[in-house]
Structures are given as structure tokens and as C-alpha cells.
Amino acid sequence: MRRDFTIDCLADEFDLRVGTVPCDVDCFSGRDVYTAYPKSKDSIMAEKQILTDEPLFSFVPPTSGMYVWLKLHLERHPKHGMVDSNGLELALWEELAEAGVLFGPGQLFAAEINVPYLPTDRLSSAAIGSAAEATTVQEAEDEGHFRISFSDAEFDDLKKAISIFSRVIVKFFQTS
């Protein structure tokens, strides 16, 4: 029930499109993947937006557990190529935290031995410019991840958090 409510909240805030990833591509291989695009606020222009928009994140609805894992499409960010994915993930995490939403940044859950914790001296807007030297996670260059816990949040709080997330991530991808 909580899982479905979380996905419904995401569908309220984003244009979710379902597709299947070809096998042997990544952990999403062979699964139905929901890809989130900015939702048009103008219904007249919504038709044209489909041709020009780009994905913000993707996820596979969990079949068990307490989390939804989001794969961020950081290749869309204006600073992609100048800042590594860990730096962009950390910058988005910081913006969400400042807006009152705490999702788990994926780099905290990486399986590599040499993954650092989130360095507190890098938790500022300057982090986006210097995080490359502070992170060592070996991951796909264009991806970041967030873990959303839906097990303990009140429904109203979860809906509010997803609404804030929508506003922050859309603004984040428009930042130059």
C-alpha cells in the first residue's frame, strides 16, 4: 500500500512513462522501468513537450522491501562533463536537504570498498565544483542514485516530500 502510494505520488508530480530495458544493459535489464519526465503544467503544450523533453530519473517499482531506488539521468544536467556524477548527486542532495527533504544519496550505499562518506567539508554550494576530488565511487559516468524510504512516512508527509522533490529536481536540471 505504501509502495503504491509512493509511486502514485511520483505519477502526480512527473510524467511517468513505462518501458523495458534490453537484457544485459544494467540492473534494470529485462524489467519494466518507469522513466520520469517533467510534467507540463500547461495542458495545451503537453503534446509538444513529449517531443522535446528529456528524462530526469528512472526506477523499477520494488516488489519487496522499503525503498524505491531512483537512477538519476545526470547526463542532462548543464554541468555534466565539468562535474562528475557523484558531485552532481551530492549537489542535488544538498538542495533537497535545504528544502526539507532527505533522500539517501546512492553513493552512501555503494558496494565498493573505497567509497567515502559524505564529506561534511564539501556540503556547500561549492561542493558541485570540488566534489570530483572527494569521491572515489566507480559507477556509470552519467548516473547518480537516490534511495527513497516509504516504510515509515505519513502519507501527507510523503506526498509533500515528493512535491518538493519535483520542484527541486526540475530546477536543478535547469541550473546552468
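Residues numbered from 1 in each chain as written. Predicted model: local features only at pLDDT ≥ 70, side-chain atom pairs only at ≥ 80, totals over all residues. Heavy atoms only, no water.

Rule in force here: UniProt positions are given in the numbering used here, feature names are shortened, and annotations may be inferred rather than shown by experiment.
Under the annotation held in an unreviewed UniProt entry, the chain carries the name Aminotransferase class I/classII domain-containing protein and is attributed to Candolleomyces eurysporus. Per UniProt, the comment on the chain under Cofactor (unreviewed entry) is "pyridoxal 5'-phosphate". We quote the UniProt Sequence similarities (unreviewed entry) comment for the chain here in full: "Belongs to the class-I pyridoxal-phosphate-dependent aminotransferase family."

Quick look at the side chain of Glu-89
This is how it is decided: Helical segments are the DSSP runs of H or I of at least four residues, strand segments are the runs of E of at least two, and each set is numbered from the N terminus. Any residue under 20% of the maximum accessible area for its type is buried, any over 50% is exposed, and the rest in between are partly exposed; the area is computed with a 1.4 Å probe on protein chains only. Neither His nor the chain termini are counted; the positive set is Lys and Arg, and the negative set is Asp and Glu. Each salt bridge in this description consists of a side-chain nitrogen of Lys or Arg and a carboxyl oxygen of Asp or Glu lying within 4 Å of one another. Identification of polar contacts relies on pairs of N or O atoms within 3.5 Å, with a donor-acceptor requirement for protein atoms, meaning one able to donate a hydrogen and the other able to accept it, and with residues adjacent in sequence counted only if both atoms are side-chain atoms.
For Glu-89, the position within the fold is in helix 3 (residues 85-98). Here Glu-89 occupies a buried position and makes no salt bridge, while the nearest side chain of opposite charge, Arg-147, is found at 11 Å. Of note is the side chain of Glu-89, whose polar atom sits 2.8 Å from the backbone nitrogen of His-145.

Here we look at helix 1 (residues 2-13)
Formally: The length a helix should cover is 1.5 Å for every residue beyond the first. What the arc measures is the spread of directions leading from the helix axis to the C-beta atoms.
The end-to-end C-alpha distance of helix 1, which contains 12 residues, comes to 17 Å, matching closely the 16 Å that a straight helix rising 1.5 Å per residue would cover. Those residues of helix 1 that sit buried are Thr-6, Ile-7, Cys-9, Leu-10 and Glu-13. Along the axis of helix 1, the buried residues cluster in a sector spanning 155°; they form a single face.

Side note on the confidence of the model for the chain
If pLDDT is low for a region, its predicted coordinates should not be looked at in detail. What counts, and what does not: Confidence scores labelled pLDDT are given residue by residue by the predictor and lie between 0 and 100. By definition in these notes, contact holds between two residues if any of their heavy atoms fall within 4.5 Å.
Mean pLDDT for the chain: 76, with 68% of residues reaching 70 or above. Residue range residues 119-140 is modelled with pLDDT below 50. Its contacts to residues more than four positions away, or to other chains, number 42 contacts.

Notes on a negative patch on the surface
The criterion, for reference: The patches described consist of residues with a relative accessible area above 30% and no salt bridge, like charges being joined within 9 Å and nonpolar side chains (Val, Leu, Ile, Met, Phe, Trp, Tyr) within 5 Å. Per-residue and other accessible areas follow the Shrake-Rupley method at a 1.4 Å probe size, with only the shown protein chains counted as cover for residues. Every charge is mapped to an atom, namely NZ of Lys, CZ of Arg, CG of Asp or CD of Glu.
There is a patch of like negative charges on the surface, built from Asp-152, Glu-154, Asp-156 and Asp-157. Tracing the sequence through the fold places Asp-156 in helix 5 (residues 155-174).

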